[in-house]
Amino acid sequence: MQLPQDEYEKAMLEAFVNKPEKTFWYQQAFSKFDVNGIDTMKWVWSWWAFFGGWAFLLYRKQYIPALVLFVLSILATAIPFGGLLVAILAGGFSTYFVYKGYKQKKAEIENAIADPQKRIETMKEVGGYNQWVVWVYVLFVCLFFLYIVSVMFTMASMN
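Per-chain numbering applies: the sequence of each chain, read as written, is numbered from 1 onward. Only residues with pLDDT of 70 or above have their local features reported here, since the model is predicted, and side-chain atom pairs are shown and tallied only from 80 upward, although totals for entire chains, interfaces and linings are computed over all residues. Water and hydrogen atoms play no part in the side-chain values, which are based on all heavy atoms of the structure.

A. Main features of the layout of surface pockets. By volume, the largest pocket amounts to about 660 Å³. The wall of the largest pocket is formed by 19 residues, among which F51, S73, G83, Y137 and F140 lie closest to the centre. The helix and strand labels rest on DSSP assignments: H or I over at least four residues marks a helix, E over at least two residues marks a strand, and numbering proceeds from the N terminus. For the lining of the largest pocket, the secondary structure elements donating two or more residues are α3 (47-52), α5 (63-76), α6 (82-112) and α8 (132-158). Top contributing element to the lining of the largest pocket by residue count: α8, with 5 residues. Residue type decides the class: Asp, Glu, Lys and Arg count as charged, Ala, Val, Leu, Ile, Met, Phe, Trp, Tyr, Cys and Pro as nonpolar, and the leftover types, Gly among them, as polar. Of the residues that constitute the lining of the largest pocket, the class distribution is 14 nonpolar, 5 polar and no charged. Approximately 260 Å³ is the volume attributed to the second largest pocket. Cavity and pocket criteria rest on a 1 Å grid covering protein atoms alone: a 1.4 Å probe that fits but cannot get out defines a cavity, protein on both sides within 12 Å along at least 5 of 7 lines defines an open pocket, and an atom within 4 Å of a point defines a lining residue. Considering the residues around the second largest pocket, the lining is formed by D6, E9, K10, L13, Q27, F30, S31, D34, Y99, Y102, K103 and K106. Counting residues per element, the ones that place at least two in the lining of the second largest pocket are α1 (5-17), α2 (20-33) and α6. Its residues assigned to classes, the lining of the second largest pocket shows 4 nonpolar, 2 polar and 6 charged. Grid points are joined across faces, edges and corners, and a volume is the space filled by probe spheres set on the points.

B. Layout of the nonpolar core. In terms of nonpolar packing, the biggest core is built from 31 residues, with M12, F16, Y26, F30, V98, Y102 and M123 touching the most fellow members. Broken down by secondary-structure element, the contributors of at least two residues to this core are α1, α2, α4 (54-59), α5, α6 and α7 (116-126). Examining the composition of this core, we find that 7 residues originate from one element, α6, more than from any other. Contacts are assigned to residue pairs with any non-hydrogen atoms lying within 4.5 Å of each other. Ignoring sequence-local partners within four residues, the contact set of F30 consists of L13, F16, T95, V98, Y99 and Y102. By nonpolar core we mean a set of buried residues, namely Ala, Val, Leu, Ile, Met, Phe, Trp, Tyr and Cys, connected to one another through side-chain atoms within 4.5 Å. Think of it in three bands: with a 1.4 Å probe and only protein chains considered, a residue is buried below 20% of the maximum accessible area for its type, exposed above 50%, and partly exposed in between.

Quick look at the structure:
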């Protein structure tokens, strides 16, 4: 059974996002990046990307952009308010890298598989998210706060 094109596109995106409650948000965001078939980087705000930064991209299986943002985040700490600037830029532009990942995976799947239903099933497998990233990020943040608290106690005990 052949799906109409708009239903097929929605099914592919839903399979990629793999969270039905988030599909509409991504549909709206991705529509801003596609201007008459031309990809354009636009500002689309994501609080998850703002607070999570590299973890958001890793969660959404965008490994190279996550690595680049991780390195930028570390380098930005040398600049006053650099971390905040990187977080703001991540919050505004990270969704674009998720979009680029979606487009790349969709093109690969469509080039390899003719059956639309198999394409959707494959997108569900290769798309989605890494749930483990949430736990690693929570651990990372907890360890960071423990470090800050220990430094504060050490400094207080020196006085």
